[in-house]
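# Understanding the architecture of this molecule
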Amino acid sequence: MLKVSKFGGSSLATADQVRQVCDIITADPARRLIVVSAPGKRHSQDIKVTDLLIAAASERLMGKIGASECAEAIERYRNIATELELPAEVVEPIARDLTERLEGSTDDADFYIDTMKAGGEDNCARLIAQVLQARGVEAHYVNPKDAGLLLSDEPGNAQVLPEAYNRLRNLSERPGITIFPGFFGYSKEGHIVTFSRGGSDITGAILASAVRAEVYENFTDVDSVFAANPSIVSDPTPISELTYREMRELSYAGFSVFHDEALEPVYRAMVPVHIRNTNNPKAAGTLIVPHCNSRKTPVVGIAAMSNVCCVYLSKYLMNRQIGFGRRLLQILEGENISFEHVPSGIDNMSVILREENLPVEKEKRVVEKIRQTLAPEDVSVERDLSLIMVVGEGMQHTVGVASRATGALASSNVNIEIINQGSNEVSMMFGVKSTDMDTAVRALYKEFFNGSSNSTTE
Ligand code: ASP
């Protein structure tokens, strides 16, 4: 029996937390493949080790030294090691490694930043292996390169290469407990490359899939996934079980408890994911599984994401013009812009994007190209939008969910700018002005979760 257990940065921020993590690891002999993040924030004003390393790299790239940020990161490991009464020499290789990274080649800025970022996880994994060894436990650090974690050549946004899975399979044969650093792997050319932020979840999912783990445990700092963001809705309902598709939709739209890209690998291998709290390991947590047969309500959660914009264009008889949509999306492709949704009518089309993908200078070029290539009657870009996702597999079998959702938004005076429902009917998307986002989430939560109103599916 083999469990892959991943511990996030908030679970590794202090010596006490590290102690707790080691207790959890050793409490179950099935926990033999452990993925760790870099130490996170100790309190709300603190800085994550990853952010310290990014700051150090940015300083160096601007021609400065970056040494103070790097020293601060080293200090974080030293504090943990000292409080755990590990010998002082344990921190020396960590200090050397981070300093070497800082002073390394900056010829390619993107690979340089990734090398620095990866140092947070890499050294944390070495440290945790030593903490366990000091307890007399057989634990070994493994480097992702030696293990075969091959990633695409996309610094800061890498994806796993299919051949990595076969190579990683051997990890299940290793003796003792394997401590694997999250967040990074290696390109075929041998460069260190990282996933997008929060990517240690992805590492854990890839390993769990490769070794066909019994379960992928994702230890974080909350008791479960909740039906809405607790900073918007007070005391939201905990979710005990979710399907992969539901979790993907919720994490995509802002549920940061689990990285949305981490679902694909576990889904492929049908490995269940168990979200658990390091600080309260007795809590039931949330289980992510292929199917949820017990749930009787259509909606499982309401997510919201801000910083969205919409490119809108209209042209009479657009529906008769072959290739109109393709040419529009090709303009975005030419600018290296990925899009989120494309709702359309007979004579109009909207493309919804994350604002970070359409900075003002790109917007000007995109609008100009649209005018030249497609000659629309109208083209405009609306910013400051938010997307609200109402998510639940049960919506497929329930009549009237859309009407209840739109009714709830209307009663709260929220104007719906965009509506879209994917054909899989797992989610319904509403675009609203960002100033209405919180009101919209509360209205929908009240409609589907307060009282008896989340009525049962057929
Ligand atoms: N340490 C990385 C970050 O802060 C990756 C992770 O935490 O999963 O994004």
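Let me sum up the structure you'll find in this document. Everything numeric in this text was worked out from a predicted model, so none of it was measured.

## Some thoughts on the overall build of the protein chain
A tally of regular secondary structure across the protein chain gives 14 helices and 17 strands. In terms of C-alpha radius of gyration, the protein chain reaches 24 Å, essentially the compact-globule figure of 23 Å for 458 residues. For the protein chain, buried positions account for 53% of its 458 residues. Surface summary for the protein chain: the accessible area is close to 20,100 Å², and the carbon and sulfur share equals 47%.

## As for the packing of aromatic side chains
Scanning the model with the defined rule gives five aromatic pairs in all. Geometrically, the ring pair formed by phenylalanine 7 and phenylalanine 219 is stacked, given 4.7 Å between the ring centres and 10° between the ring planes. Of this pair, phenylalanine 7 sits in strand S1 (residues 3–7) while phenylalanine 219 sits in strand S7 (residues 215–220), placing them 212 residues apart in sequence. When the centroid spacing of 6.2 Å and the interplanar angle of 65° are considered together, the rings of phenylalanine 184 and tyrosine 186 count as edge-to-face. One exposure class covers both phenylalanine 184 and tyrosine 186, and it is buried. Cation over ring: arginine 126 sits above tyrosine 141, and NZ or CZ is 4.2 Å from the ring centre. Here the guanidinium or amino end of arginine 268 rests over the ring plane of tyrosine 165, the centre of that ring lying 4.2 Å away.

## Points about unusual backbone geometry
If you check the backbone angles, glutamate 85 has positive phi at about 60° while not being a glycine. Even without being glycine, aspartate 235 reaches a positive phi, approximately 55°. Here aspartate 235 is to be found in the loop between strand S8 (225–226) and strand S9 (238–239). With a relative accessible area of 74%, aspartate 235 lands in the exposed category.

Reading the values: the criteria
Residues numbered from 1 in each chain as written. Predicted model: local features only at pLDDT ≥ 70, side-chain atom pairs only at ≥ 80, totals over all residues. Heavy atoms only, no water. Helix = DSSP H or I, 4+ residues; strand = E, 2+ residues; numbered from the N terminus. Rg over C-alpha atoms; globule rule 2.2 N^0.38 Å. Buried < 20%, exposed > 50% of the residue type's maximum accessible area, 1.4 Å probe, protein only. Areas by Shrake-Rupley, 256 points an atom, 1.4 Å probe, with all protein chains shown as cover. Phe/Tyr/Trp six-rings, centres within 6.5 Å; stacked < 30°, edge-to-face > 60°. Lys NZ or Arg CZ within 6 Å of the ring centre and 35° of its normal.

So, to be careful, I would describe these as geometric facts and stop short of saying anything about function.
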